[in-house]
Amino acid sequence: MITTVTLNASIDKAYYMDLAIENGQVMRVSSCRNSAGGKGLNVARIIKLCQEDVLATGLVGGYNGNYLESLLNQDGINYDFEHVQGETRSCINILDPQYGSTEYLEPGCLIDSIEEKRFIERFKGLVEKSKIVTISGSVPKGVSKTIYQQLVTYVKEQGKQVILDTSGELLKIGLKAKPTMVKPNQDELEMLFNTKINDLNDVIIYAKKIYEMGIENVVVSLGGDGALLVCQEGIFQGKPPQITVVNTVGCGDSMVGAFAVALKRDYSKQEALKYAVAIASANAMSSSTGDFEPEQCKQLLKEIKIKQL
């Protein structure tokens, strides 16, 4: 089984607009789609679409927390959350013809130390049943900045594999526990090393710095240029063909879900990269977040180019 962790879950609202947004004006939404959101829940949907067993865990609370669980029931996603006193947040993604995707992300409710400790104990029980664990996204207010370091350390101690996908201090501290894989994007690399990245050579330089920290697999998502993988076997770029992009939200999460599946299936590094880029690209072609058409993915797999750098 693969377990996904989402500490800052949300009700994700996608607003589809027929007209471009005009600031200061009343805007009519053409259609709206609600989903159980947070990066780890996008990961969970991808894993289920890949036909692997998945369990979602994390923190939820209040009426929104109950609604989130009902949305996961509709998606057929198994879950085991720690329930907290606060209200699960909402996040809005506005998709209009001029600006594309504009996101408004709420910070999340305050979590106290007792709730955090209860979650850690629940998490330890779930790890026993898991082969792979993914840990994604931000954390709510009140949660310790060392939380991901603690979770990664425990997973590693149990002899399991763990993927960490976060940013800022959470990533910096989490790296100390040496997760099996991390997946920063260019912005997160710049934040981590307090630098400016100008080209692919710069991406390689800083990805190698993370690899040298003892991280077995460093994957950097490159948007339309696919992804870079630094591992023991070398440095590889997986590049997709030209596609019609509909919605880029969730592409990084799709990549994490695909790599989790690839690790569970013991794919080679190059096979895993190809599979992940194909699924992330297929997600970009879907209007839904954490979603892809299997037939599109099969076609993309034939067209992904893997190049050793």
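Small disclaimer: the values here were computed from a predicted structure and weren't measured.

Draft legend 1. A look at the pairing of strand E8 (residues 100-105). Across six bridges, strand E7 (residues 89-96) lies against E8 in antiparallel orientation. For Asn93, the partnering residue across the bridge sits in E8 and is Glu103. A loop of three residues connects E7 with E8, the two strands running antiparallel in sequence.

Draft legend 2. Main features of the packing of helix H3 (residues 113-127) against helix H4 (residues 147-157). One way to put it is that H3 packs onto H4 with a least axis distance of 11 Å and a crossing angle of 25 degrees. Between H3 and H4, the crossing angle belongs to the class labelled roughly parallel. Crossing hand, H3 versus H4: right-handed. The segment H3 lies against H4, with Glu116, Phe119, Ile120, Phe123, Lys124 and Val127 engaging Ile147, Gln150, Leu151, Tyr154 and Val155. Its residues assigned to classes, the contact of H3 with H4 shows eight nonpolar, one polar and two charged.

Draft legend 3. Region of interest: the packing of helix H6 (residues 186-193) against helix H7 (residues 200-211). Running from amino to carboxyl end, H6 crosses H7 at an angle of 65 degrees, the nearest separation of the two axes being 11 Å. The element H6 and its partner H7 pack so that their crossing is left-handed. On the side of H6, the interface is formed by Leu189, Leu192 and Phe193, while H7 contributes Val203, Tyr206, Lys209 and Ile210.

Draft legend 4. Representation of the side chain of Asp253 within the structure. Within the secondary structure, Asp253 sits in helix H8 (residues 251-264). On the basis of relative accessible area, Asp253 is assigned to the buried category, the value being 4%. A distance of 2.8 Å separates a polar atom in the side chain of Asp253 from a polar atom in the side chain of Lys39.

Draft legend 5. Focus on the environment of Gly214. Among the structural elements, Gly214 can be located in the loop between H7 and strand E12 (217-221). Considering only alpha carbons, one finds Gly214 and Pro179, 35 residues apart in sequence, at a separation of 8.6 Å.

Draft legend 6. Focus on the nonpolar core. Of all hydrophobic cores here, the largest spans 47 residues; its most connected members are Leu41, Leu68, Met255, Phe259 and Ile279. Of all the secondary structure elements, the ones that give two or more residues to this core are helix H1 (39-49), strand E4 (54-61), helix H2 (62-75), strand E13 (227-231), H8, helix H9 (269-284) and helix H10 (294-303). Among the elements that make up this core, the one with the highest residue count is H9 (nine residues). If near-sequence neighbours (up to four positions away) are discounted, Phe259 is found in contact with Ile163, Met181, Val219, Ala272, Leu273 and Ala276. Counting 42 residues, the second-largest nonpolar core is a separate cluster that includes Ile111, Tyr154, Ala207 and Ile210.

Draft legend 7. The arrangement of unusual backbone geometry in detail. Phi at Asn194 takes a positive value of approximately 50 degrees, unusual for a residue other than glycine. Checked against the element boundaries, Asn194 lands in the loop between H6 and H7. What makes Asn194 exposed here is its relative accessible area of 72%. Phi is positive for Asp266, close to 60 degrees, though the residue is something other than glycine.

Draft legend 8. Looking closely at the sheet that holds E8. Taken in spatial order, the four strands line up as E3-E2-E7-E8 in an open sheet, and their pairing is mixed. With partners counted over all chains shown, the strands left at the sheet margins are strand E3 (31-37) and E8, one partner each. Going from strand to strand, the sheet's axes swing by 20 degrees on average, the running direction of each strand aside. Bridge count for strand E2 (residues 10-16) against E7 is seven bridges, and the pairing is parallel. Across the sheet, the residue bridging to Lys13 is Ile92, located in E7. Of the strands in this sheet, E2, E3 and E7 are in contact with H2, which crosses E3 at around 95 degrees.

Rules used in this analysis
Residues numbered from 1 in each chain as written. Predicted model: local features only at pLDDT ≥ 70, side-chain atom pairs only at ≥ 80, totals over all residues. Heavy atoms only, no water. Pairing = 2+ DSSP bridges. Helix = DSSP H or I, 4+ residues; strand = E, 2+ residues; numbered from the N terminus. Axes fitted to C-alpha atoms, helices over the stretch in contact; angles between N-to-C directions. Parallel < 35°, antiparallel > 145°, perpendicular 65-115°, else oblique. Left-handed = near helix turned anticlockwise from the far one by under 90°. Contact = heavy atoms within 4.5 Å. Nonpolar A, V, L, I, M, F, W, Y, C, P; charged D, E, K, R; others polar. Buried < 20%, exposed > 50% of the residue type's maximum accessible area, 1.4 Å probe, protein only. Polar contact = N/O pair within 3.5 Å; in protein donor to acceptor, adjacent residues only side chain to side chain. Core = buried A, V, L, I, M, F, W, Y, C linked by side-chain atoms within 4.5 Å.

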